[in-house]
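Chain and residue survey
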Amino acid sequence: MMYYIEQFVRNSIIGTKAKLNDGSEVNVDVKSYNASTHKITYKLPKDLADNEWTTVSIDTKINSKASNKTLQPSMVSQGGKAFYNKASAQTDIPVELAPTVIDKTVRNESEKETEYQDTTQVHARDVLGFKLKFTVDEKSSTMKTTALLDEMDKKLELVKETGKKPIKVDYSDGTTEEFDSLGSMTLKQMEPGDSATITYKAKVMDTAIEGDILSNKVTTLSELPDTSTTASESEVSMETVKPKDSKVHFEYMTVQLEKLLMIQSLFRVKLVNTFQPEQLLKVILMEVRM
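Going along each chain's sequence as written, the residues are numbered from 1 onward. This being a predicted model, a pLDDT of at least 70 is required before a residue's local features are given, and a value of 80 or more before pairs of side-chain atoms are given or counted; all residues contribute to the totals for chains, interfaces and linings. Just so you know, side-chain values use all the structure's heavy atoms and leave hydrogens and water out.

Just to be clear on terms, a salt bridge is a Lys or Arg side-chain nitrogen sitting within 4 Å of an Asp or Glu carboxyl oxygen. The tally for this structure, following the rule as stated, stands at 10 salt bridges. Between Lys217 and Glu233 there is a salt bridge, and its shortest N-O distance comes to 3.7 Å. You can see Lys217 sitting in strand β20 (residues 213-223) and its partner Glu233 sitting in strand β21 (residues 229-240), a full 16 residues away along the chain. Each of Arg107, Glu109 and Lys201 takes part in salt bridges that share partners, so that together they form one network. In DSSP terms, a helix is any run of H or I states spanning at least four residues, a strand is any run of E spanning at least two, and both are numbered starting from the N terminus.

With that out of the way, let us pick up the confidence of the model for the protein. The pLDDT value tells you how sure the predictor is about a given residue, anywhere from 0 up to 100. Per-residue confidence for the protein averages 76 on the pLDDT scale, and 68% of its residues sit at or above 70. Contact criterion: two residues are considered in contact whenever any of their non-hydrogen atoms come within 4.5 Å of each other. In the predicted structure, residues 1-14 sits below a pLDDT of 50 and forms 83 contacts with residues beyond four places in sequence or in another chain. Note on residues 265-290: pLDDT is under 50 here. Beyond four places in sequence and across chains, it has 62 contacts.

Our focus in this paragraph is the packing of aromatic side chains. The relative placement of two aromatic rings is captured by the distance of their centres and the angle of their planes. Two rings from Phe, Tyr or Trp (for Trp, the six-membered ring) form a pair when their centres sit within 6.5 Å of each other. Planes less than 30 degrees apart are called stacked, planes more than 60 degrees apart edge-to-face, and all others tilted. Within the structure shown, the criterion is met by one aromatic pair. Judged by centre distance (5.2 Å) and plane angle (20 degrees), the ring pair of Phe130 and Tyr200 falls under stacked. Of the two residues, Phe130 is situated in strand β13 (residues 127-136) and Tyr200 in strand β19 (residues 195-204); the sequence distance between them amounts to 70 residues. Across from the ring centre of Tyr171, 4.6 Å away, lies the NZ or CZ of Lys188, which sits over that ring. Distance and angle both matter: a charge sits over a ring if NZ of Lys or CZ of Arg is within 6 Å of the ring centre and within 35 degrees of the ring normal.

Buried residues of nine kinds, namely Ala, Val, Leu, Ile, Met, Phe, Trp, Tyr and Cys, make up a nonpolar core once their side-chain atoms join them within 4.5 Å. Classification of residues uses two cut-offs on accessible area relative to the type maximum, computed with a 1.4 Å probe and protein chains only: under 20% is buried, over 50% is exposed, and between them is partly exposed. In this structure, Leu128, Phe130, Leu148, Leu156, Ile167, Leu187 and Met238 are the most contacted members of the largest nonpolar core, which totals 31 residues. Within the residue set of this core, elements represented by two or more residues are β11 (100-108), β13, β15 (156-158), β16 (167-171), β18 (185-187), β19, β20 and β21. For Met238, the contacting residues outside a window of four places in its chain are Val106, Thr119, Thr120, Val122, Leu128, Phe130, Leu156, Asp212, Ile213, Leu214, Ser215 and Asn216.

Here you go:
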């Protein structure tokens with residue numbers, strides 16, 4: 001009898017193994033894992049005969065959002081040949097209170113997404129918006145300082161605008177702060193119940209190809225009044241997919257007329273205005289990317 005199992009784990013999958021009734025241990029064939037719903041679907045490694053059993057172990061990592069909550073992972077197994085069988089089970093896992101929590105989310109601004117989420121789909125050259133919310137629990141202590149380290153995927157690059165710092169921090173007390181680099185962010189002293197929201201944008205580089213899974217992880221290290229420290233972390237993932245349509249990119253240039261022949265030999269250009277030979281011409285360079 002072959003069984004397929006759907007399980008809701010409410011945290012991050014690390015590894016899945018099965019222990020057979022003969023004592024051997026094998027890897028489980030994971031059919032799919034949905035990072036949004038936290039549902040994993042897998043198949044047992046062998047058919048089960050009467051009085052046979054298999055124990056499946058799933059290594060997971062509890063996310064920071066589970067602080068002071070009770071996780072309720074559940075599972076449903078189904079399968080059979082002559083007769084179709086189905087069974088389900090659930091358990092409770094209480095999680096201790098974390099003094100601080102960092103929650104990182106992402107949205108694809110090029111695709112006009114308005115809601116931040118744990119994961120999204122991207123294409124090369126898409127601009128993504130990231131939001132980090134750092135919270136000091138109401139039952140915790142004062143955090144004298146908090147250092148944040150945001151590890152950006154090598155196929156992402158921080159979006160910078162001339163004259164502006166790319167990273168903005170909005171504190172719950174109404175004050176703000178800005179940073180130049182993701183690797184040098186230190187938040188001010190925060191009291192129990194306080195929070196800080198950090199936002200910035202990043203662009204998917206041309207090196208990202210269909211099937212790439214991009215990741216972005218942030219860790220925090222906070223110092224308490226007694227000089228002890230507490231840490232938290234959060235991570236988002238982005239799947240690179242094939243664009244729905246070809247994209248046409250326009251780039252504007254200003255050149256002198258005597259250079260036009262050289263440009264025409266390199267690009268297909270369309271003149272927007274016509275002037276005297278010594279005046280400047282504006283041309284449009286059109287590049288079609290599949």
